[in-house]
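Summary of structural features
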Amino acid sequence: MLRPFPPSWYHVEAGEIAPRPRLQGETKADICIVGGGFTGLSAALTLAEAGASVVVLEADRIGYGASGRNGGQIHSGQRRDVLWLEKHYGFARAKALWDVGERAKALVRRLAARFGQPVADGLVETFHREADSHENEHFVEALTSRYGYSDVAVLSRDAVAAAVGSTSYVGGLRDGGAGHLDPYRFALGMAKAAEAAGARVFEESPALSYGRNGGFAVRTQAGSVTADRLILATNGRSGPLEKLTRRRTLGINSFMVATEPLGNLAQTVLPGGECASDSYFVVCYWRKTPDGRLLFGGGESNAGAIPGSIADFVRPHLTRVYPQLKNVGIAHGWGGVVSITPERVPFIRSLGDGVSAAAGFSGQGVALAPYIGHLLAEEALGRAPDDLKLYADLRISQVPDITWIRRGLVRLALLRGRIADRF
Ligand SMILES: Cc1cc2nc3c(=O)[nH]c(=O)nc-3n(C[C@H](O)[C@H](O)[C@H](O)COP(=O)(O)OP(=O)(O)OC[C@H]3O[C@@H](n4cnc5c(N)ncnc54)[C@H](O)[C@@H]3O)c2cc1C
């Protein structure tokens, strides 16, 4: 709930946004949503447009959580690929979850068009190991032959070098149905549309506790909301409010930089205007802005550990991929918390008695979180969407609610990942 990171490039670039009010005094709503990121805002939009009275409580400013700090990459499918899902849950579930991902991308594109936010097409996934490249061929073959997805192709070493402008990788794939956008402006678009439909959005109003009194009473520092239903859209980062999502999620800091405009070098980087990511455990992800900057994510740390200079922390990752950019200035650095579950499948549950929650999109929430928010709203309206049921019994291990153990687990995972990345 603290804001330990500098604002993102998107926040800076958008300029000052008029603050929304804090909640003062008592109010009532049909549904109270806690969290003003993609999940909560999308739920608010669907509910308000269906005529429900909605209050959104956001601890910080709208879009100051992961939703306004991320790489903006709209991925296909789930964080776990279809081969992993097939192995653990069988083909039918894997296919159904793949189709959810397709509906999620379509919703983001529809909403972005409605808010006047451009979406650029295409994602290049790059691989640094021959073994990943071979697995990639199976994956692409499965998608095209059994999942009905033809907008994907294997890229050879030369093709990937041409697509991203880097010789660091041995192969890759191009997903033409993926894409990228400015996530903060997208979140702001959702907030404005929800408000236009009647939702009331409060900023700097962390929900501190909730209790049942027939419905729910959600308490903030200076007020309370009485509601029939509650949607917890805090991404597992709700402080003392509730432990259910926190016990299924861990936070990893991921850092990003925005370079100065690349000028003549811009054409050497992602000449097709796609976005890209790589196969390292400490993943790099990047895309260009319309004014020719590179937005580059690389370098992770334990929640709570923020490097003194984010630019210096990210730069080695950037120059490993793009040595030609070693003299390019970094205009801004920031970070955010990626909320993951141990199994990297999101925790999306009805918690009983009118409370539902979603968290832990594990680095793949740009497409999924708005769609899941929409589904949680549909559920609150009594429509019990089938897509939501697909997540209800996905196995997710519990994580102890003890800060030093949680940090130790992340540190260990990062250490193992860094070692694996060397081979
Ligand atoms: C650096 C970074 C890069 C990423 N890159 C990508 C990417 O390229 N593609 C992709 O698909 N995903 C990416 N992700 C993940 C993606 O951003 C998230 O999955 C997605 O934004 C989750 O949305 P959300 O609404 O569930 O959570 P959030 O956006 O985190 O929103 C939760 C909100 O709840 C609020 N909150 C918490 N507790 C309370 C409380 N008690 N009371 C009131 N409000 C509260 C928080 O302040 C926050 O605003 C990235 C994440 C980070 C950090």
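Presented here is a report on the structure given in the accompanying data block. (Residues numbered from 1 in each chain as written. Predicted model: local features only at pLDDT ≥ 70, side-chain atom pairs only at ≥ 80, totals over all residues. Heavy atoms only, no water.)

**Quick look at the nonpolar core**
Ile33, Leu47, Val54, Phe186 and Tyr391 are the most contacted members of the largest nonpolar core, which totals 77 residues. Looking at this core, the element that brings in the most residues is helix α3 (residues 82-114), giving 13 residues. Those residues in contact with tyrosine 391, other than ones at most four positions away along the chain, are Gln78, Leu97, Val100, Pro346, Ile348, Arg349, Leu368 and Ile372. Judged by nonpolar contacts, the second largest core, of 28 residues, contains Val257, Ala276, Val314 and Val328. (Core = buried A, V, L, I, M, F, W, Y, C linked by side-chain atoms within 4.5 Å. Buried < 20%, exposed > 50% of the residue type's maximum accessible area, 1.4 Å probe, protein only. Helix = DSSP H or I, 4+ residues; strand = E, 2+ residues; numbered from the N terminus. Contact = heavy atoms within 4.5 Å.)

**Describing the site of the ligand**
Close to the ligand lie 37 residues; Thr39, Glu58, Ser67, Ala207 and Val366 are nearest. With respect to the ligand, the side chain of asparagine 70 contributes an N or O atom lying 3.0 Å from an oxygen atom. In this structure, an oxygen atom belonging to the ligand sits 2.9 Å away from a main-chain N or O atom of valine 366. When the free accessible area of the ligand is taken as 1000 Å², the share hidden by the protein chains comes to 96%. Breaking the shell around the ligand down by element, the ones donating at least two residues are α2 (38-49), β15 (330-340) and α8 (365-380). (Near = heavy atom within 4 Å. Polar contact = N/O pair within 3.5 Å; in protein donor to acceptor, adjacent residues only side chain to side chain. Areas by Shrake-Rupley, 256 points an atom, 1.4 Å probe, with all protein chains shown as cover.)

**Side note on helix α10 (residues 403-421)**
Compared with an ideal rise of 1.5 Å per residue, which puts 19 residues at 27 Å, α10 spans 27 Å between its outermost C-alpha atoms and is within 8% of the ideal. Within α10 the residues assigned to the buried category are Arg406, Val410, Leu414, Gly417 and Asp421. Along the axis of α10, the buried positions cluster into a sector of 70°, meaning they face one direction only. For α10, the exposed residues lying more than 90 degrees away from the buried face are Trp404, Arg411 and Arg416. Contacts made by the buried residues of α10 are with β11 (250-259) and β14 (294-302). (Expected span 1.5 Å × (residues − 1). Arc of directions from axis to C-beta.)

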